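Observations on the three-dimensional arrangement
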Amino acid sequence: MKYFIYVMLVCSACTLRAQVKLTGTVKNKLTGEALPGATIYFPDLKNGTSSGSDGHFQLSNMPAMKTLVQVRLLGYQTVVKTIDLSQTTQLLIEMEESAVESNEVIVTGVSKATEIKRNPVPMTSIDLKYLNENTATNAIDALVKVPGVNALNTGPNVSKPYIRGLGYNRILTLFDGVRQEGQQWGDEHGIEIDQFLVDRIEVIKGPASLIYGSDALAGVINLLPAHTAPEGHIEGQAQANYQTNNGLYAASAAYAGNDNGFVWGLRASGKAATNYRNKYDGRVYNTGFNERDVNAYLGFNRKWGYSHVNFSMYDNMQEIPDGSRDSSSRLFTKQITEADTFRPIVSASELKSYDINAIHQRVQHYRLFSNSSFILGKSKLALNLGYQQSIRREYAHPQVPDVAGLFLNLKTGSYDLKYYLPEKNGWEGTVGFNGMYQVNSTDKATEFVIPDYTLLDFAPFVYVRKNLGKWDIAAGARYDTRSFKNEAMYLGTNAITGFDMKVTDTTGATRAFDRYSHVFSGFSGSIGLTYNISDRLLVKVNVARGYRAPNISEISAKGVHPGTGFEQLGDANFKPEFSLQEDAGIFFDSKHVSLSLEAFHNTIDNYIFNQKLQSLQGGDSIYIQNGIHYPVFKFRQTKAQLFGGEARIDLHPHPIDWLHFENSVSLVYATNLGGNGAVINDSNKYLPFIPPLHTNSELRAEFSKKRACFANIYVKVGLQYYAAQDRALLADHTETKTPGYTLLDAGMGTDIVNKNGRTLFTLGIFGTNLADVAYQSNMSRLKYFDNYPVNGTGRSGIYNMGRNFSFKLSIPLNLKKS
């Protein structure tokens, strides 16, 4: 509270501005009738409302400044316009009926809220309607149908985002604009965010180092929460989801309010699942999970700007599969002793149980951050501050289940300060700096992959944008410095646990990690333009240089990571990655057709990838720990080239505008160009984990008008085709080729309304992999989990999830409207 009082005093002294009260009406442009339920939102002010039954709306405590407003309503073309609140107190919004809802506004990677069509950087956005009308088990899986976006999976609840063939620390994940830090280098480390918190998603498909620095070399995924409640409202929602394949049950409840600009919100969520199944493996042992989440925020929206504080807690117990099977029956087995000399077959009752096994990981993530924006005359100052703690335990000792193997305690403080220059002659400019301070400790670990370390980031940047009628030009530059340091680490036998643990007395101890200190630095920049040929047709081109410093695992790893099933080796001599990406795209939107064609070419110097090692005898290099045999992987560095693109066409044929036929195709080719003395041949000329050509088609019928007690009815059927991926990193058996497959899905949903048209609840029923296809995605790490890969079945590894039905229920709980 002291923080808020201080902010208010400073702003009152610096910005003595008149309070603006904005009123307006939303109407149908053709008929003139009032349109209730339209959302009026000011992204740069984080403030908005909705139109009442007579189409009217009102907002108080608005700053007297020029800003962008977005008005949305299902079945109508989104309206986006810039208004000057110092001169405008009444607003008339006229909306046109349209089957295509374009004019999306984004806030990621730009100086201020901007229409996607005017931003030259390749981007896409996902709204709440899309999230509600599809099914997923985590926030990242919700993106897999988006052209150019994929996910690397380790079971149903662990997904890492991939954009145009690049992932891990090359993709920066944000929550409400604040970077997410939770050991992203790990293969089986997912994103620690409650999926029920996510209201919309913005994706930058290309280097975003300019605004966000290292770790955004390949793109950004910004998971955005719901807007604050309209003034005078208290809004609530209860949600539930059940899925048949793994028995997943999930529930979430939220309330949010706005009392004269004092905004607040609360959400609590939980989900649990047992082992998923497919027709080849049956139930896949140790793929269950149990997750609990809490989020709360409060803040002020005032004439001087806004200031919000957000806290969240994520607690996930996630089982760790290893693919161990009985050699004759191919049934799953489990580790029961430290020596691991005998593994019994897992019983049918265990496979169906929701109890979390002794071999699991527990991830606790705590996040506290503030978003503030202060109006200073015709300029603006924005400050984002964040603190996160990620505690990751991976339990790998079945006889002492309370002693963690891997224990990583990561603390991160992040800062982001931007000054928005006053607009002059059509020029918009932003200058600022951002970075983070990070400390990682392993004090309670008994297995070690990385050492303790400290990291400090700092980077200034400048971004400018100019509108020249039909032309929009954007450019910027940035210089990053990352200081990285770890001390030597020694291990000795702990008298209490009996395991090797970190010690300060080096007498008789084993040195596990050497001392390391280095400063990485690099320049990144971007320049691009958009040419609006007409209101419906535009072209974009952009050239960007990206930068990424090596992560802790790539530099220092030396040990077995329980969740991956292999020993990992790093290289302290690695250099930073630098990319040069060229993008071009053409976009067309009309009332009945929307299409786009995008292409990219990306060259990355010092590209880091993981490769399996062979022994001198020709087989896999093996590391033995506690009697268990582990293959060995080592990070390599080379020059890489990636190119490809995406195409999309959405048809809404007239006069049957209720019918939607959406189609997309994505393609990425990735090759190893060599470097550092490597000889390129047929086995190593490709890069690992590159998604194959894939298409997505969906035929959907939507009926927005009320029919009896039903409203906003939709029915859909979809088809996803994934081509065979023969362009694999075959060297030393790092990868294998992957056959193609086709998946069928369907869904339907409706609002149940009363006689006044108020929604009582919303139902959705969805089916995925309806043909129950047994398939392996080349983006699934479980494909390589098998202790007997050569067997009589002709199959190896674990297969993806089979047929699944998902049932969704959402109940609005609105308490007050003044």
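Residues numbered from 1 in each chain as written. Predicted model: local features only at pLDDT ≥ 70, side-chain atom pairs only at ≥ 80, totals over all residues. Heavy atoms only, no water.

**Digging into the overall build of the protein chain**
Heads up, the rule is: Helix and strand definitions follow DSSP, with helices as H or I runs of at least four residues and strands as E runs of at least two, each counted in order from the N terminus. The globule rule used here is 2.2 Å times the number of residues to the 0.38 power, and the radius of gyration it is set against is calculated over C-alpha atoms. Throughout this description, buried means an accessible area under 20% of the type-specific maximum (1.4 Å probe, protein chains only), exposed means over 50%, and partly exposed covers the range between. Note on areas: Shrake-Rupley, 1.4 Å probe, and residue coverage restricted to the protein chains presented here. Neither His nor the chain termini are counted; the positive set is Lys and Arg, and the negative set is Asp and Glu. Charge positions are represented by NZ for Lys, CZ for Arg, CG for Asp and CD for Glu.
When helices and strands are tallied, the protein chain shows 5 helices and 47 strands. Radius of gyration (C-alpha) of the protein chain: 27 Å, near the 28 Å computed for a compact globule of 818 residues. Along the longest, intermediate and shortest principal axes, the C-alpha atoms of the protein chain span 80 × 55 × 50 Å. Out of the 818 residues in the protein chain, the part that is buried amounts to 58%. Of the roughly 32,800 Å² of accessible surface on the protein chain, a fraction of 58% belongs to carbon and sulfur atoms. Of the side-chain charges in the protein chain, 81 are positive and 76 negative, and the distance between the mean point of each set is 4 Å.

**Side note on the sheet that holds strand E15 (residues 200-204)**
Heads up, the rule is: Between any two strands, pairing holds if DSSP finds at least two bridges.
Strand order in the open sheet formed by 5 strands is E10-E15-E16-E13-E14, with mixed pairing between adjacent strands. Both edges of this open sheet fall to strand E10 (123-126) and strand E14 (178-179), since each of them pairs with a single strand only. Bridge analysis of E10 against E15 gives 4 bridges, and the strand direction is antiparallel. When the bridges of E15 are listed, Met123 appears paired with Ile204.

**Description of the sheet that holds strand E1 (residues 20-28)**
Our working rule: Interaxial angles span 0 to 180 degrees and are taken between N-to-C directions of axes, which are lines fitted to C-alpha atoms, for helices over the stretch in contact.
Pairing in this open sheet of 3 strands is mixed, and the strands run E4-E1-E7 from one edge to the other. Bordering the open sheet on either side are strand E4 (56-62) and strand E7 (90-95), each of which pairs with just one other strand. Neighbour-to-neighbour, the strand axes of the sheet open up by a mean angle of 25°, direction not taken into account. Bridge count for E1 against E4 is 5 bridges, and the pairing is antiparallel. Bridge pairing in E4 places Val20 opposite Met62.

**Re the nonpolar core**
The criterion, for reference: Put simply, buried Ala, Val, Leu, Ile, Met, Phe, Trp, Tyr and Cys residues joined by side-chain atoms within 4.5 Å make one nonpolar core. It only takes one pair of heavy atoms within 4.5 Å for two residues to be counted as in contact.
Formed by 38 residues in total, the largest nonpolar core has its most connected members in Leu143, Ile201, Ile221, Leu223 and Leu642. Of all elements in the fold, only strand E11 (149-153), strand E13 (171-175), E15, strand E16 (219-224), strand E38 (593-612), strand E40 (628-651) and strand E41 (659-674) reach the threshold of two or more residues within this core. It is E38 that provides the largest number of residues to this core, a total of 4 residues. Setting aside chain neighbours within four positions, we find Ile221 in contact with Leu143, Pro161, Ile163, Ile171, Leu172, Thr173, Leu174, Ile201, Glu202 and Val203. With 24 residues, the next largest nonpolar core counts Leu22, Phe42, Leu45 and Phe57 among its residues.

**Structural notes on a nonpolar patch on the surface**
We apply this condition: Surface patches are drawn from residues lacking salt bridges whose relative accessible area is over 30%; two like charges belong together within 9 Å, two nonpolar side chains (Val, Leu, Ile, Met, Phe, Trp, Tyr) within 5 Å. Every case where a carboxyl oxygen of Asp or Glu lies within 4 Å of a side-chain nitrogen of Lys or Arg is listed as a salt bridge.
Taken together, the side chains of Tyr242, Tyr249, Tyr354, Val715, Met748, Ile765, Phe805 and Phe807 make up a nonpolar region of the molecular surface, amounting to roughly 720 Å² of accessible area. Mapped onto the secondary structure, Phe807 falls in strand E46 (residues 804-812). By relative accessible area, which is 37% here, Phe807 ends up partly exposed.

**Here we look at the side chain of Gln361**
The criterion, for reference: A 3.5 Å cut-off defines polar contacts: any pair of N or O atoms within that distance qualifies, except that in protein one atom must be a possible hydrogen donor and the other a possible acceptor, and neighbouring residues in sequence count only when both atoms are side-chain atoms.
You can see Gln361 is positioned in strand E24 (residues 360-376). In this structure the side chain of Gln361 is engaged in a polar contact, spanning 2.9 Å, whose partner is the side chain of Arg392.

**Details of the environment of Phe42**
Structurally, the position occupied by Phe42 is in strand E2 (residues 39-42). Judged by its relative accessible area of 0%, Phe42 is buried. The spatial distance from the C-alpha of Phe42 to the C-alpha of Val71 is 9.0 Å, given a sequence separation of 29 residues. If near-sequence neighbours (up to four positions away) are discounted, Phe42 is found in contact with Leu22, Asn47, Leu59, Met62, Thr67, Leu68, Val69 and Ile83.

**Let's talk about unusual backbone geometry**
The omega torsion of the bond from His654 to Pro655 falls at 5°, within 30 degrees of zero and hence cis. Secondary-structure assignment places Pro655 in the loop between E40 and E41. One non-glycine residue, Asp215, lies in the positive phi region at around 85°. Topologically, Asp215 is positioned in the loop between helix H3 (209-212) and E16.

**Notes on the pairing of strand E18 (residues 248-259)**
The pairing of strand E17 (residues 233-243) with E18 spans 10 bridges and is classified as antiparallel. Counterpart to Gly236 in the pairing with E18 is Tyr255. Counting the residues in the hairpin turn of E17 and E18 gives 4 residues, including Gly247, whose phi is positive at 65°. For E18 and strand E19 (residues 262-273), the ladder comprises 11 bridges, and the chain directions are antiparallel.

**As for the pattern of salt bridges**
Inspection of every chain in the model, using the stated rule, returns 44 salt bridges. One salt bridge connects Glu133 with Lys129, and the closest N-O pair in it is separated by 3.4 Å. A relative accessible area of 12% means that Glu133 is categorised as buried. Judged by relative accessible area, Lys129 falls into the partly exposed class, the value being 25%.

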